[in-house]
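# Geometric and topological summary
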Amino acid sequence: MSAGGFSANKDATAEEQSILDSVKGEVETQLSKTFTVFQLMHFQTQVVAGVNYMFKVRCDDEYVHVKVCKPLPHTGKPPFVMVAVGGHSEDSELVPL
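Residues numbered from 1 in each chain as written. Predicted model: local features only at pLDDT ≥ 70, side-chain atom pairs only at ≥ 80, totals over all residues. Heavy atoms only, no water.

## Focus on the overall build of the protein chain
Short version of the rule: The helix and strand labels rest on DSSP assignments: H or I over at least four residues marks a helix, E over at least two residues marks a strand, and numbering proceeds from the N terminus. We take the radius of gyration over the C-alpha atoms and set the globule estimate at 2.2 Å times the residue count to the 0.38 power.
When helices and strands are tallied, the protein chain shows two helices and five strands. Mapped from its N terminus to its C terminus, the protein chain presents α and β elements in the order β-α-α-β-β-β-β. Here the C-alpha radius of gyration of the protein chain, 13 Å, is about what a compact globule of 97 residues would show, namely 13 Å. Along the longest, intermediate and shortest principal axes, the C-alpha atoms of the protein chain span 35 × 30 × 20 Å.

Encoded structure:
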């Protein structure tokens, strides 16, 4: 990872799945869809004033790439979706949006 850049892909963990679950409604709103399956496959991180995440998510019959910002704890602000892009496949490379 270069300074300020995103990390390599990391395996999904319960902590990151929880962050992703907290923004599911925002993803569904941005994509105008409702998902039954919302499973984190892998992710990348970028440390900034907080942490930016790039998530690759299995959503029913497609894969979605989601960029989420988790602000620093002292702000008291919850994670939020910066952008969500649908229509990806299992083989789509996860690249920062």
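## A closer look at the packing of aromatic side chains
The cut-off we apply is this: Pairing of aromatic rings covers Phe, Tyr and Trp, the last through its six-membered ring, and needs centres within 6.5 Å; plane angles under 30 degrees mean stacked, over 60 mean edge-to-face, and all others mean tilted.
Under the counting rule described, the total for this entry stands at four aromatic pairs. Clustering of aromatic rings is evident, with ring pairs tying together Phe43, Tyr53 and Phe55.

## Regarding the pairing of strand 2 (residues 39-48)
Heads up, the rule is: The pairing criterion for strands is at least two bridges between them, as found by DSSP.
Here two bridges tie strand 1 (residues 10-11) to strand 2, and the two strands are oriented antiparallel to one another. Pairing of Asp11 across the sheet is with His42, part of strand 2. Bridging between strand 2 and strand 3 (residues 50-59) involves nine bridges; their strand directions are antiparallel. Following the sheet pairing, Gln39 is matched in strand 3 by Arg58. The turn linking strand 2 back onto strand 3 is made up of one residue.

## Section: the side chain of Gln46
So the rule is basically this: A contact between two residues is defined here by any heavy atoms of the two lying within 4.5 Å.
In this structure, Gln46 sits in strand 2. Residues in contact with Gln46, not counting those within four places in the same chain, are Gly4, Gly5, Phe6, Val51 and Asn52.

## Concerning helix 1 (residues 14-22)
Keep this limit in mind: The rule is simple: take the accessible area with a 1.4 Å probe, protein chains only, and divide by the maximum for that residue type; under 20% is buried, over 50% is exposed, in between is partly exposed. An arc is given here, and it is the one of the directions from the helix axis to the C-beta atoms.
For helix 1, the full list of buried residues reads Glu16, Gln17, Ile19 and Leu20. Seen end-on, helix 1 carries its buried residues on one side only, within an arc spanning 160°. For helix 1, the exposed residues lying more than 90 degrees away from the buried face are Ala14 and Glu15.

## What to know about the nonpolar core
For clarity, the threshold we go by: Buried Ala, Val, Leu, Ile, Met, Phe, Trp, Tyr and Cys residues form a nonpolar core when they are joined through side-chain atoms within 4.5 Å.
Counting 18 residues, the largest nonpolar core has Val27, Phe55, Val64, Val66 and Val68 as the members making the most contacts within it. Of all the secondary structure elements, the ones that give two or more residues to this core are helix 1, helix 2 (24-31), strand 2, strand 3, strand 4 (62-71) and strand 5 (80-88). Top element by residues in this core is strand 3. It accounts for four residues. If near-sequence neighbours (up to four positions away) are discounted, Val68 is found in contact with Ile19, Val23, Val51, Asn52, Tyr53, Phe55, Pro79, Phe80, Val81 and Met82.

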